[in-house]
Amino acid sequence: MARSYGRCMLSADTQRAHTTTPSCDVQPADPVLRQIAEQHAAALERVQELLTARGIHARCVERFDITARMGGEEPLVQTRRHPPQLLVFADGGRRMATISVAPSSGAYVVELAQWGEDNEPRPDKATAIPENQPERVAALIPGYGEGAS
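Residues numbered from 1 in each chain as written. Predicted model: local features only at pLDDT ≥ 70, side-chain atom pairs only at ≥ 80, totals over all residues. Heavy atoms only, no water.

Asks: If you had to explain the packing of aromatic side chains to someone new, which residues and values would you point to?
Replies: We describe a pair of aromatic rings using the distance from one ring centre to the other and the angle between the two ring planes. For the coordinates displayed, the defined rule picks out zero aromatic pairs. Positioned above the aromatic ring of Tyr-144 is the side chain of Arg-54, whose terminal nitrogen or guanidinium carbon lies 4.4 Å from the ring centre. For Arg-94, the ring lying beneath its charged end belongs to Trp-115, and the centroid distance is 3.7 Å. (Phe/Tyr/Trp six-rings, centres within 6.5 Å; stacked < 30°, edge-to-face > 60°. Lys NZ or Arg CZ within 6 Å of the ring centre and 35° of its normal.)

So this is what it looks like as structure tokens:
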């Protein structure tokens, strides 16, 4: 599974943090424990395999907030891990969907990108799919039914 680390907070002093954000406007959810993030990544990997088999571009993105404080007796480094997300892209690079796993239910949350007649982005359309149905998640992605089996 491909992994990308798109958000990182680094601080050379205790007053300010510098942030880089991913090129797509997808915001990370609240931090989670490593074990939960790994379970979510495994669930998303099942969907990614289905999409990749049909020629659809998808990438699992994991984000971390890293805070480093210098000074005092010891430097302090804190890492917070956010739940992974599966980003699905069209051939031209436009984001088609963002797929995540709901923290409490474990259901897949599929956010399909919406575009207006003026080609301006509109709010995503979100759909929840039970955790044991990755095939239904993949089927929501435009072009999935047209891909090679």
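After that view of the structure, there is still more to cover.
Asks: Lay out the environment of Asp-124 with the relevant residues and their values.
Replies: Position of Asp-124 relative to the elements: it lies in strand 10 (residues 121–129). C-alpha separation for the pair Asp-124 and Met-96, spaced 28 residues apart in sequence, amounts to 9.5 Å. Discounting residues that sit within four places of it in the chain, Asp-124 has contacts with Arg-95, Glu-111, Leu-112, Ala-113 and Gln-114. Separated by 3.0 Å, the side chains of Asp-124 and Arg-95 make a polar contact. (Helix = DSSP H or I, 4+ residues; strand = E, 2+ residues; numbered from the N terminus. Contact = heavy atoms within 4.5 Å. Polar contact = N/O pair within 3.5 Å; in protein donor to acceptor, adjacent residues only side chain to side chain.)

Asks: Run through the nonpolar core, naming residues and quoting values.
Replies: Of all hydrophobic cores here, the largest spans 21 residues; its most connected members are Leu-51, Leu-86, Val-88, Ile-99, Tyr-108 and Ile-141. Sorting the residues of this core by element identifies helix 1 (34–53), strand 4 (57–61), strand 7 (85–89), strand 8 (95–101), strand 9 (108–115) and helix 2 (134–139) as the ones contributing at least two each. Other than its neighbours up to four places away in sequence, Ile-141 contacts Leu-51, Ile-56, Val-88, Met-96, Ala-97, Ile-99, Val-110 and Leu-112. (Core = buried A, V, L, I, M, F, W, Y, C linked by side-chain atoms within 4.5 Å. Buried < 20%, exposed > 50% of the residue type's maximum accessible area, 1.4 Å probe, protein only.)

Asks: Before we move on, could you go through the confidence of the model for the protein and cite the residues and values that matter?
Replies: Of all residues in the protein, 79% attain a pLDDT of 70 or more, and the chain-wide mean is 80. Per-element mean pLDDT across the protein ranges from 28 in strand 2 (residues 8–10) up to 97 in helix 2. (pLDDT = per-residue confidence, 0-100.)

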